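Structure at a glance
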Amino acid sequence: MAHQTPLYADHVANDARIVEFGGWDMPLQYASALAEHHAVRQSCGIFDVSHMTVVDLTGPDSTRFLMRLLANDPGKLRSAGQGLYSCMLNDAGGVVDDLIVYRLGDNVYRLIINAATRVQDLGWMARVADRDDIVIRHRDDLLMIAVQGPKARELAAPLLAEELQAPALALRSFECVRHDHVFVARTGYTGEDGFEIVLPAEAGVALWRALAAAGAVRCGLGARDTLRLEAALNLYGQDMDAGTSPLVSGLGWTVAFEPADRQFRGRAALEKQKTEGVSEKLTGLVLEDRGIMRHGQRVITAAGEGSITSGGFSPTMERSIALARLPVAATGSCQVDIRGVLRKAQIVKPPFVRLGRILVDDAPVQK
Amino acid sequence: MTQIPQQLKYTEDHEWVRAEADGSVVIGITDHAQHQLGELVYVELPDAGRTVTRGAAMAVVESTKAASDVYAPLAGVIVQGNPALADQPELVNTDPYGEGWLVRLRPGDAADLAALLDSAAYTQLLAAED
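Owing to the predicted nature of the structure, the values given are computational and were not obtained by experimental measurement.

Okay, the overall build of chain B next. For chain B, the count of helices and strands is three helices and nine strands. Starting at the N terminus, the α and β elements of chain B follow one another as β-β-β-α-β-β-β-β-β-α-β-α. Rg of the C-alpha trace for chain B: 14 Å, near the compact-globule value of 14 Å for 130 residues, within the 12% margin. The dimensions of chain B, computed from C-alpha atoms along their principal axes, are 35 × 35 × 25 Å. Counting across all 130 residues of chain B, residues that qualify as buried make up 47%. Looking at chain B alone, contacts between residues at least 24 apart form 60% of all its contacts between residues at least 6 apart. About 6200 Å² of surface is accessible on chain B, with carbon and sulfur atoms providing 48% of the total. In chain B, 7 positive and 20 negative side-chain charges are present, and the distance between their average locations comes to 6 Å.

Next comes the structure, spelled out in structure tokens:
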């Protein structure tokens, strides 16, 4: 039986269509996934993301442990209240998971990892910890709400505790603030501005209802997926996994080879890949023909073949877009095999949409 | 409440079939099916003249989430796909039994029509699925 978040009853009462995702019964959409998508691009939407795993890390060796665990450099977190996106890698350089780590204090961190990978992640962290003096605590007592869109911050801030309002509005991207048991970060998975708020279940249900009453649109996983695809934010298990390197997943920028003496797991494998040169890249596609590109479809380019890792319909561009793993030399036009028919697409540099604006060439669909 | 017009025939795959005076049939997906799929953003229809066997995938309806096959409820030859769906796939959601029809087909054997479900049987099928 799948887990349910403390907001499950609210989802059902608001006519959500429920699907199982990563072992959780989650809302796929309410009345309209397209309307939810547009609400986030134009105004404000709220997402129940309580299925994601919150892990608190304490103990005198916490920083040392993260230095070995993460491909990005936790040393970039110079003070409490800063956050960092990173992968954790296996020894072959494959991605065990992607996560955001926040520094809450000296040797105190909060990690937010994926739902479907929780068991493997916690197992891998325990292995990497070895004899480090750390405590890893899985916070399954908390609820997590993403408030996203150009109006998200101004709408959400007045609903927070008085002491949190000004500090929350002062956050820069990837920064966080805490008061009592409420944690607010200026992060998200939509390509829009906003907050991710982690708080105890009871207060979380009240905040969710207050946000909805203030005009935020309830959004499901359907809109979350079309928004993150437009923003070209990778989805674990689809755009990268334990068998793919961050260097072929559009995530090279998150790997910190400096300082050179930081021995993180997977480093040797990535250095070898870097020296030898990688043969593939993760890039964007815009379909010029009619149709919808989907995960797993074959892509034919002048430089060789590749495949689509995430594809779908872009409600903002009203056409199909995709992320694809292609030969590094591939540029310009290509063809996508959609159920046996070769359709024309353009290779573009992602993201497609950010902060409400289309960022790629958007010629009309050929009829 | 899902609509199930009485005068139509149905399949277990949630298609409807309407017999026309000229011997052809018009085919679409049911109100229940469009609701399950969610908002459609693309519909791929067969070319006129294509011969289809009963149960063969003849069209594809795509929502924001996934692509789903639509199966031929009868064997026959495709007369026409609904041209309006190229620009307005959402017609399948807003008017599944009217403007949102998918395909007009000339059946190989008109007697096959009698083997399809009537509205009472389709209503029972939906009740059993719940």
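From this point on, the discussion continues.
We now examine the nonpolar core. Residue and element names in this part refer to chain A. Among the nonpolar cores identified, the biggest contains 32 residues, and Phe-47, Leu-89, Tyr-102, Ile-112, Phe-183 and Val-198 are the most heavily contacted of them. Put simply, the parts of the chain that give this core at least two residues each are β6 (83-89), β7 (95-105), β10 (142-148), β12 (182-185) and α8 (221-230). Of all the elements, β7 adds the most residues to this core, at four residues. Ignoring any residue separated from it by four or fewer positions in sequence, one finds Val-198 in contact with Val-54, Arg-110, Ile-112, Leu-142, Leu-143, Met-144, His-181, Val-182 and Phe-183. Leu-143, Ala-156, Val-182 and Phe-195 belong to the second largest nonpolar core, which has 27 residues in total.

All names here are of chain A. Reading across from one edge, β6-β7-β8-β5-β9 is the order of the five strands in this open sheet, with antiparallel pairing throughout. Single-partner strands in this sheet number two, and they are β6 and β9 (135-138). The sheet shows a mean angle of 30° between the axes of neighbouring strands, taken without regard to direction. With five bridges joining them, strand β5 (residues 53-58) and strand β8 (residues 108-113) adopt antiparallel strand pairing. Bridge pairing links Asp-56 to Arg-110 in β8.

Residue and element names in this part refer to chain A. Position of Arg-186 relative to the elements: it lies in the loop between β12 and β13 (194-200). Within the structure, Arg-186 has its side chain in polar contact with the side chain of Asp-193 (distance 2.9 Å). Contacts of Arg-186, omitting those with residues within four sequence positions, involve Arg-153, Leu-171, Arg-172, Ser-173, Phe-174, Glu-175, Asp-193, Gly-194 and Phe-195.

So, on to the sheet that holds β12(A). Residue and element names in this part refer to chain A. Sheet architecture is open: six strands sit in the order β11-β12-β13-β10-β4-β14, paired in mixed fashion. At either margin of the open sheet sits one strand with a lone partner, and together these are β11 (176-179) and β14 (217-219). Taken over all neighbouring pairs, the strand axes of this sheet differ in orientation by 20° on average, direction set aside. Lying on the sheet, helix α2 (residues 33-42) is in contact with β4 (45-48), β10 and β14; it crosses β14 at an angle near 120°. Across the sheet, helix α7 (residues 201-213) touches β4, β10, β13 and β14, and the angle it forms with β13 is around 145°.

Contacts between the two partners involve 16 residues from chain A and, on the opposite side, 17 residues from chain B. Together chain A and chain B conceal approximately 1500 Å² of surface at their shared face, both sides included; 44% is due to carbon and sulfur atoms. When the area that chain A buries against chain B is broken down by residue, the three leading residues are Arg17(A), Arg294(A) and Arg339(A), summing to 38%. One can count five salt bridges joining chain A with chain B. Where chain A packs against chain B, one counts 13 residue pairs in polar contact (both at pLDDT 80 or more). Where the side of chain A that touches chain B is concerned, the elements lending two or more residues are β3 (24-29), α2 and α8 of chain A. In terms of residue class, the side of chain A that touches chain B is built from five nonpolar, four polar and seven charged.

Criteria and thresholds
- Residues numbered from 1 in each chain as written.
- Chains lettered and ligands numbered in written order.
- Predicted model: local features only at pLDDT ≥ 70, side-chain atom pairs only at ≥ 80, totals over all residues.
- Heavy atoms only, no water.
- Helix = DSSP H or I, 4+ residues; strand = E, 2+ residues; numbered from the N terminus.
- Rg over C-alpha atoms; globule rule 2.2 N^0.38 Å.
- Buried < 20%, exposed > 50% of the residue type's maximum accessible area, 1.4 Å probe, protein only.
- Contact = heavy atoms within 4.5 Å.
- Areas by Shrake-Rupley, 256 points an atom, 1.4 Å probe, with all protein chains shown as cover.
- Lys, Arg positive; Asp, Glu negative; His and termini not counted.
- Charge placed at Lys NZ, Arg CZ, Asp CG, Glu CD.
- Core = buried A, V, L, I, M, F, W, Y, C linked by side-chain atoms within 4.5 Å.
- Pairing = 2+ DSSP bridges.
- Axes fitted to C-alpha atoms, helices over the stretch in contact; angles between N-to-C directions.
- Polar contact = N/O pair within 3.5 Å; in protein donor to acceptor, adjacent residues only side chain to side chain.
- Buried area = accessible area lost by both parts, 1.4 Å probe.
- Salt bridge = Lys/Arg side-chain N within 4 Å of Asp/Glu carboxyl O.
- Nonpolar A, V, L, I, M, F, W, Y, C, P; charged D, E, K, R; others polar.

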